Amino acid sequence: MENLINVQYAQTGKSSSTDALGMREMQAMVYAQRHRQHLLVKAPPASGKSRAMMFVALDKLANQGVKKVIVAVPQQNIGRSFKDTGLKKFGFFEDWRVAPYWNLCLNAGSENTKKSIVHEFLNHPTATKLVCTHATLLNSLNGIDARKLDNVFFGIDEFHHGSADEDNRLGSLIRRLLNDTSAHILAMTGSYFRGDAVPVMRPEDEAMFQPTINYNYYQQLNGYKWLKSLGIGYSFFQGNYLTAIPNVLDTKKKRSFIFHTLKPKQGFS
């Protein structure tokens, strides 16, 4: 099988090695901008965006006068990325810890129950970190007094779920936080585009996040220590794909494979 695309990488190890604070290259880039009120990070999967958010959030709480942190993810299972994480052993000044009661991605309660917990969190004198889904965040903050959101750090994972469309609830919340509160925002995404072609943010809102922190796929893959090359190709086969592997690949060579099979719909000709 001939590759349609074949890219060679320098194997520098930069994107996976860590500095004295335990940060990878991309994470250090984000942390260097931690004093900015609004941060937009565009970086590939597996580059360490979740931990980058932890580093910034902890510094906001410890050194920048922010009182509370709310991390919002698209789905409950993605909330696992923000589970308790030991950072001090790698050189950072504090570990990431979220009390189970405030991690609503682990909570099987109803959305009304979670809404009550978010309101409780915002009013709690000592609670500092909460993790929830986008849906819980939107449900909880709908109609809430904007003053309660002042000086709160919002970490929005998979930021492209929001859009500039008037009917997009996440986009509307972001505009409200930008224009009506003193909230801090770290917006992260690996794909700053939407399939419906609607912009993720309006130009005037995006300007408040400039300059954007960009870390592209080439930087990420070029910085791996063991990745020599990436090839993309295709081959057609019938039957079980496992039986077709010897016909298209030299299985004697050391390499990694990713297979994607397409099943024709019934009646497809």
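Residues numbered from 1 in each chain as written. Predicted model: local features only at pLDDT ≥ 70, side-chain atom pairs only at ≥ 80, totals over all residues. Heavy atoms only, no water.

Draft legend 1. Local environment of the overall build of the chain. Along its length, the chain carries 8 helices and 8 strands. Considering only contacts in the chain between residues 6 or more positions apart, those separated by 24 or more positions represent 75%. (Helix = DSSP H or I, 4+ residues; strand = E, 2+ residues; numbered from the N terminus. Contact = heavy atoms within 4.5 Å.)

Draft legend 2. Geometry of the side chain of Asn103. With respect to the helices and strands, Asn103 occurs in the loop between β3 (68-73) and α3 (111-123). Using a relative accessible area of 4% as the deciding quantity, one classes Asn103 as buried. Setting aside chain neighbours within four positions, we find Asn103 in contact with Val98 and Val131. (Buried < 20%, exposed > 50% of the residue type's maximum accessible area, 1.4 Å probe, protein only.)

Draft legend 3. Up close: the pattern of salt bridges. Going through the model one piece at a time under the given rule, you end up with 5 salt bridges. Across the salt bridge formed by Asp59 and Arg34, the nearest N and O atoms sit 3.5 Å from each other. Taken as a pair, Asp59 in helix α2 (residues 49-63) and Arg34 in the loop between α1 (25-31) and β2 (38-42) lie far apart in primary sequence, 25 residues in all. Note that Arg147 and Asp145 form a salt bridge whose closest N and O atoms lie 2.7 Å from each other. (Salt bridge = Lys/Arg side-chain N within 4 Å of Asp/Glu carboxyl O.)

Draft legend 4. Representation of the state of the cysteines. Evaluation of the coordinates by the stated rule reveals 0 disulfides. In this structure Cys105 is not part of a disulfide, and its nearest cysteine sulfur, from Cys132, lies 6.8 Å away. Accessibility expressed as a relative area gives 0% for Cys132, which makes it buried. (Disulfide = S-S within 2.5 Å.)

Draft legend 5. Spotlight on helix α4 (residues 134-141). Burial analysis of α4 places 6 of its 8 residues in the buried class, which makes it a mostly covered element. Of the positions making up α4, those classed as buried are His134, Thr136, Leu137, Leu138, Ser140 and Leu141. On the buried face of α4, the contacting elements are β3, α3, β4 (129-133), β5 (152-156) and α5 (169-180). Gly143 lies just past α4 and shows a positive phi near 80°.

Draft legend 6. Structural detail: unusual backbone geometry. Look at the link from Gln210 to Pro211: it is a cis peptide, with omega at -5°. Along the polypeptide, Pro211 turns up in the loop between α6 (203-206) and β7 (213-214). Phi at Ala46 is positive, roughly 70°, even though this residue is not glycine. Position of Ala46 among the secondary structure elements: in the loop between β2 and α2. The backbone of Asn151 sits at a positive phi, close to 60°, despite the residue not being glycine. Tracing the backbone shows Asn151 in the loop between α4 and β5. Its relative accessible area of 25% is what places Asn151 among the partly exposed residues.

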